[in-house]
Amino acid sequence: MKREASLGNRREGPPAWLTDAAIYQIYPRSFQDSNGDGIGDLEGIRQRLTYLRSLGVNGIWLSPIYESPLADGGYDISNHSAVDPVLGTLDSFDALLAEARANELKVLLDLVPSHTSIEHPWFRDHPEWYVWADGGPPNNWLSAFGGPAWSKDEASGRWYLHSFYREQPDLNWRHPEVQEAIGQVMAFWLARGVDGFRVDAVDRLAKHPDLRDDRPATGPWLLPLPPEYATLSHVHSRDADDVDELVRALRRQAGDAALVGEVYRPTEELQRFVKHFDLVFAFEFMFASWHPEAIAGVVEPAVRLGQIAWVLSNHDFSRLGSRLGEENLRLAAALLLTLPGAAFIFQGDELGLRDGPGVHPAFDRAGRDGARHPMQWDATPNGGFSSSRPWLPPVDPEHRNVEAAEADPSSLLRLYRSLLSLRRSLRGDFEVIVVEAGVLAYRRGHHVVTLNFGDEPRQAVGEGAVVLNTDPGQHHPIAPARGAVVLSKESSSTS
């Protein structure tokens, strides 16, 4: 369903559907292959939308689907208004969008405003849209993927900035034509009917205009980084003082579209971003130490800030099953899906998928393909993902797959479905009420959530009926690495 793009208009606050939404992230190459070439595609996603509706999510976020040379898994875009032929066509995208509407699912696309592919026509037709220097690298800035952030363009003899791979030159967001061009990209997809965008690498929009050197790092980083990159503070190569003005320009171009920002900053620095984004990801939450005090320490200020997108897993980092261990997956699901605000689920987390071995040499020099192995639909060698050899092999479909999980009442998939159903009734004020002895408990209106991070069984906090235990059939006590939700007596007696 196509519609008019509402650019230049700004509603007050996030759209109602997004505030407490559960959004399922799909890495298109790895979700479902429909044509037997071993690579996932848009038609494959369309065929699986009924599964997502039955899971109970409100929408999907598609990692990049645009034309790309794939130097960075699709985040190096060479044509913003075309679907990569390996993934499909504009017609197959329209069919996917129509099917999503029929299944009452919203659709977010990935927007990459900070850079393009070096093969994008803009790089040659509009060199003034990029960040350049003459005579060699002007500073000590580093690429997030290793090595210097400057490379020489042999055609012009000048040096261009790339915050990521050398095939991804950075756009100059202080140039008004860049802002307009990205606005036209958004207008194109909004007119086709998408509901909004997850916005990539927001802090890369603003670099110091004088290209000053970054200073040595003085403290720990929020997220895992290459050793060389972690030696600098990156105070000038990103998130410059006028980032607020540039993000405001992005919002102005987006109009009424939903925007979810990827901002790798501590919670106390997110206020200037939530003014312009509907949601920002809580990455402090994603990388917090796995104990109650640390979790409470990042959750409480994030809830006070509001407009938070909770996330524990995505396409860039090690999967939950590998990072936290299988024993903690039920606890992680209960935590993610009972907090106030939107929650993002990475494909396969509901099965407990783990990282796969190795990487695809053509697509991932940064070593992130471990989290991008295909979805596992059944126990066949290819996991029901493809009828031919997949671009990356499924990890362990004989042990974890949708078909088996659907048939098992005690599966992690069934728990996700129960939690997604329960979260619709979790309303009211949020309050942390217990943080001690391995237990984190918090109130959600009439419900109390108790999470046991400890080594011993614990009783659920609050008096009332246990409406969910992460161990099916179990009510009291709560086993280690498990959780429970209690509906208070007062509420159950008046309902």
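Details of the structure are given in the entry above.
Residues numbered from 1 in each chain as written. Predicted model: local features only at pLDDT ≥ 70, side-chain atom pairs only at ≥ 80, totals over all residues. Heavy atoms only, no water.

(A) Looking closely at the overall build of the protein chain. Helices and strands together make up the secondary structure of the protein chain, namely 15 helices and 18 strands. At 23 Å, the protein chain has a C-alpha radius of gyration in line with the 23 Å of a compact globule built from 495 residues. Seen through its principal axes, the protein chain has C-alpha atoms that stretch 70 × 50 × 45 Å. The buried share among the 495 residues of the protein chain stands at 60%. Excluding contacts between residues fewer than 6 apart, the proportion of contacts in the protein chain whose partners are at least 24 apart in sequence is 68%. Only carbon and sulfur atoms are counted for the fraction: they give 50% of the accessible area of the protein chain, which is about 18,700 Å². (Helix = DSSP H or I, 4+ residues; strand = E, 2+ residues; numbered from the N terminus. Rg over C-alpha atoms; globule rule 2.2 N^0.38 Å. Buried < 20%, exposed > 50% of the residue type's maximum accessible area, 1.4 Å probe, protein only. Contact = heavy atoms within 4.5 Å. Areas by Shrake-Rupley, 256 points an atom, 1.4 Å probe, with all protein chains shown as cover.)

(B) Here's a closer look at helix H10 (residues 292-305). If you check H10, its first and last C-alpha atoms are 20 Å apart, about what 14 residues at 1.5 Å a residue would give, namely 20 Å. Of the surrounding elements, those touching the buried residues of H10 are helix H8 (271-274), helix H9 (283-286), strand S12 (308-311), helix H12 (329-338), strand S14 (430-436) and strand S15 (439-444). Phi turns positive, to about 80°, at Gly306, one or two residues after H10. (Expected span 1.5 Å × (residues − 1).)

(C) Main features of the packing of H12 against helix H14 (residues 412-422). Their axes nearest at 10 Å, the elements H12 and H14 cross at an angle of 20°. In terms of orientation, H12 and H14 fall into the roughly parallel class. Note that H12 runs across H14; the crossing there is right-handed. Of the residues in H14, those touching H12 at Leu329, Arg330, Ala333, Ala334, Leu337 and Thr338 are Leu412, Leu415, Tyr416, Leu419 and Leu420. Here the residues of the contact of H12 with H14 sort into 9 nonpolar, 1 polar and 1 charged. (Axes fitted to C-alpha atoms, helices over the stretch in contact; angles between N-to-C directions. Parallel < 35°, antiparallel > 145°, perpendicular 65-115°, else oblique. Left-handed = near helix turned anticlockwise from the far one by under 90°. Nonpolar A, V, L, I, M, F, W, Y, C, P; charged D, E, K, R; others polar.)

(D) Summary view of the environment of Ala22. Here Ala22 lies in strand S1 (residues 22-26). As for Ala22 and Leu420, which are separated by 398 residues in sequence, their C-alpha atoms are 7.6 Å apart. Not counting residues up to four positions away in its chain, the partners in contact with Ala22 are Val57, Asn58, Gly59, Ala343, Leu420 and Arg423.

(E) Representation of the nonpolar core within the structure. Judged by nonpolar contacts, the single largest core of 130 residues is most densely connected at Tyr24, Leu52, Phe93, Trp189, Phe197, Phe285 and Phe344. Among the elements that make up this core, the one with the highest residue count is H12 (8 residues). (Core = buried A, V, L, I, M, F, W, Y, C linked by side-chain atoms within 4.5 Å.)

(F) Layout of the packing of aromatic side chains. Enumeration according to the criterion identifies 24 aromatic pairs in this entry. Between Tyr264 and Phe283 the ring centres are 4.0 Å apart and the planes differ by 25°, which places this aromatic pair in the stacked class. With Tyr264 in the loop between strand S10 (258-261) and H8 and Phe283 in helix H9, this residue pair connects regions lying 19 residues apart in the sequence. Side by side, Tyr264 and Phe283 carry an identical accessibility label, which is buried. (Phe/Tyr/Trp six-rings, centres within 6.5 Å; stacked < 30°, edge-to-face > 60°.)

(G) Region of the structure containing the sheet that holds S15. Reading across from one edge, S14-S15-S16-S18-S17 is the order of the 5 strands in this open sheet, with antiparallel pairing throughout. Both outer strands of the open sheet, S14 and strand S17 (464-469), are each paired with one neighbouring strand and no more. Direction aside, neighbouring strands of the sheet carry axes that sit 20° apart on average. Sheet topology note: the strand S16 (residues 447-452)/strand S18 (residues 482-488) ladder contains 6 bridges and is antiparallel. Looking at the pairing, Val448 lines up with Val486 of S18. Along the sheet, H10 makes contact with S14 and S15, crossing S14 at roughly 165°. (Pairing = 2+ DSSP bridges.)

(H) Highlighting the side chain of Gln168. As for its position among the elements, Gln168 is in the loop between strand S8 (159-161) and helix H6 (176-192). Owing to a relative accessible area of 0%, Gln168 belongs among the buried residues under this scheme. Those residues in contact with Gln168, other than ones at most four positions away along the chain, are Asp72, Tyr75, Asp76, His115, Thr116, Phe145, Leu161 and His162.

(I) Seen up close, the sheet that holds strand S7 (residues 150-152). The sheet built from 3 strands is open, its strands ordered S6-S8-S7 with antiparallel pairing. Two strands close off the open sheet at either side, each with one partner strand: strand S6 (132-133) and S7. Bridge count for S7 against S8 is 3 bridges, and the pairing is antiparallel. Residue pairing in the sheet places Lys152 in a bridge with Trp159 of S8.

(J) Broad picture of the pairing of strand S2 (residues 59-62). Side-chain alternation along S2 places Gly59 and Trp61 on one buried face and Ile60 and Leu62 on a second face that is also buried. In this sheet, S2 lies alongside S1 in parallel orientation, the contact comprising 4 bridges. Bridged to Ile23 within S2 is Gly59. Sheet topology places S2 next to strand S5 (residues 106-111); 4 bridges connect them, and they run parallel. Residue pairing for S5: Gly59 is matched across the bridge by Lys106.

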